[in-house]
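# Breakdown of the fold
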Amino acid sequence: MGILREAVQESIDHLRPWMSWIEFEPLSDPDREALIRQWEEDWIAGREVVFGAFLGDQVVGGCGFHDRAGPNTLEIGYWVHVDHLRQGYATEMAHILTSAAFAVPSIERVEIHHDKANTRSGAVPEALGFNLDGESQVKTHAPATIGIDVAWSMSKRRWQSINTTLDG
Ligand SMILES: CC(C)(COP(=O)(O)OP(=O)(O)OC[C@H]1O[C@@H](n2cnc3c(N)ncnc32)[C@H](O)[C@@H]1OP(=O)(O)O)[C@@H](O)C(=O)NCCC(=O)NCCS
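Here goes a summary of the coordinates provided. (Residues numbered from 1 in each chain as written. Predicted model: local features only at pLDDT ≥ 70, side-chain atom pairs only at ≥ 80, totals over all residues. Heavy atoms only, no water.)

What follows deals with the site of the ligand. Every one of the 19 residues lining the ligand counts as a neighbour, but Tyr 78, Arg 86, Gly 88, Thr 91 and Asn 118 are closest to it. Contacts to the ligand include Val 80, whose backbone N or O atom sits 2.8 Å from an oxygen atom. Across the complex, the protein chains shield 70% of the 940 Å² of accessible surface that the ligand would expose by itself. Within the residue set of the shell around the ligand, elements represented by two or more residues are helix H2 (12–15), strand E3 (73–80), helix H4 (89–102), strand E4 (109–115) and helix H5 (119–127). (Near = heavy atom within 4 Å. Polar contact = N/O pair within 3.5 Å; in protein donor to acceptor, adjacent residues only side chain to side chain. Areas by Shrake-Rupley, 256 points an atom, 1.4 Å probe, with all protein chains shown as cover. Helix = DSSP H or I, 4+ residues; strand = E, 2+ residues; numbered from the N terminus.)

Below, the discussion takes up the pattern of salt bridges. Taken as a whole and judged by the stated rule, the model has eight salt bridges. As a salt-bridge pair, Glu 25 and Arg 32 come within 2.8 Å of each other at their nearest N and O atoms. Classification of Glu 25 by relative accessible area gives buried; the value is 12%. Look at Arg 32 and you get buried, because its relative accessible area is 1%. Put simply, Glu 111 and Arg 109 hold a salt bridge, and the shortest N to O gap is 2.9 Å. Residue classification places Arg 109 among the partly exposed positions, given a relative accessible area of 32%. By sharing partners, the salt bridges in this structure join Arg 109, Glu 111 and Asp 133 into a single network. (Salt bridge = Lys/Arg side-chain N within 4 Å of Asp/Glu carboxyl O. Buried < 20%, exposed > 50% of the residue type's maximum accessible area, 1.4 Å probe, protein only.)

Grouped together as the largest cluster of nonpolar side chains are 26 residues, with contacts concentrated most on Phe 65, Ile 76, Tyr 78, Ala 94, Val 110, Ile 112 and Phe 130. Residue assignment for this core shows that the elements contributing at least two residues are strand E1 (49–55), strand E2 (58–66), E3, H4, E4 and strand E6 (148–155). The element best represented in this core is H4, accounting for seven residues. In this structure, Ala 94 is in contact with Ile 76, Tyr 78, Ile 112, Val 124 and Leu 128, ignoring residues within four places of it in sequence. Among the nonpolar cores identified, the runner-up in size contains eight residues, and Leu 4, Ile 12, Ile 22 and Val 59 belong to it. (Core = buried A, V, L, I, M, F, W, Y, C linked by side-chain atoms within 4.5 Å. Contact = heavy atoms within 4.5 Å.)

None of the figures reported here should be taken as evidence of function without further support.
Written as structure tokens, this is what we have:
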């Protein structure tokens, strides 16, 4: 729990513009414990999943699956610790999560959404060959967001065809 608190604290200035949950930071220790327990319960119940990414004992970032994108679909989210930016970690996390999602027989589609102003985030699905589906007007959810959601998607068939060498 301590390393998560430190990682979020160290990265708070670059997370604040984009991540809505940062407004609740710093969480008290009991609240963070409750949050981690909730993540475990959600995973066990087959709802949302949250993962940490580590290099030894250093937190590189966090990522996970949202289950809000509709049937047979998972949405991926990610953030990277400020000391590990621009080294391909977000792309690597999204690659691993996409492969993991498609290892679930019922999952046919993976989505990534980001605010249009968050071009660094958009570089991730683009690099992985996701399809740019379009934009829609949404509420702004963090200080730098402009309320335009950019949606990207990947089908299982396409993922398998472009990753035959890597994963197969
Ligand atoms: C968006 C975010 C997750 C990107 O993380 P990242 O790990 O820096 O992203 P990646 O390194 O995978 O890819 C982005 C860049 O690294 C470059 N890159 C990829 N692999 C690389 C490697 N092996 N070595 C060096 N650079 C590399 C990419 O070309 C890309 O270049 P750019 O920065 O000029 O666009 C990060 O900026 C972040 O945490 N932002 C705040 C939270 C957030 O916005 N989350 C997403 C909400 S939708």
